[in-house]
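Notes for the structure review
The residues making up each chain are set out below.
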Amino acid sequence: MIRIESEAEGLGPDMFGSRYVGSWDEIWPIEMCDRTVEVLVNFTADGDGGAYFNVSSDKAVVLP
């Protein structure tokens, strides 16, 4: 299940499922070969209801 890891100070309110200002981090679990990899995905609101995202491979964690 995807979960919110952190929200930056100044993250705007959720307006019908969209954010127009600010950033937040989510943890996305990916399951493969009987293992789970948790990947940190950073989102930054684009001011128009969408968001830019960034995934860093060095932030991925393989769970036992």
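**Focus on the packing of aromatic side chains**
- Inspection of every chain in the model, using the stated rule, returns two aromatic pairs.
- On the numbers, 5.4 Å between centres and 10 degrees between planes, the contact of Trp24 with Phe43 is stacked. Taken together, the residues Trp24 in strand S2 (residues 23-32) and Phe43 in strand S3 (residues 35-45) connect sequence positions 19 residues apart.
- Exposure remark for Trp24: the relative accessible area of 13% places this residue in the buried category.
- For Phe43, a relative accessible area of 13% puts it in the buried group.
- Counting every residue linked through ring pairs, the aromatic cluster contains Trp24, Trp28 and Phe43.

**Things to note about the pattern of salt bridges**
- Per the counting criterion, the structure on display carries one salt bridge.
- Here Glu38 ties to Arg3 by a salt bridge, and the two come within 3.1 Å at their closest N and O atoms. On the criterion of sequence distance, the pair formed by Glu38 in strand S3 and Arg3 in strand S1 (residues 3-7) is long-range, its members being 35 residues apart.
- Residue Glu38 is classed as buried on the basis of its relative accessible area, which comes to 17%.

Scoring rules and cut-offs
- Residues numbered from 1 in each chain as written.
- Predicted model: local features only at pLDDT ≥ 70, side-chain atom pairs only at ≥ 80, totals over all residues.
- Heavy atoms only, no water.
- Phe/Tyr/Trp six-rings, centres within 6.5 Å; stacked < 30°, edge-to-face > 60°.
- Helix = DSSP H or I, 4+ residues; strand = E, 2+ residues; numbered from the N terminus.
- Buried < 20%, exposed > 50% of the residue type's maximum accessible area, 1.4 Å probe, protein only.
- Salt bridge = Lys/Arg side-chain N within 4 Å of Asp/Glu carboxyl O.

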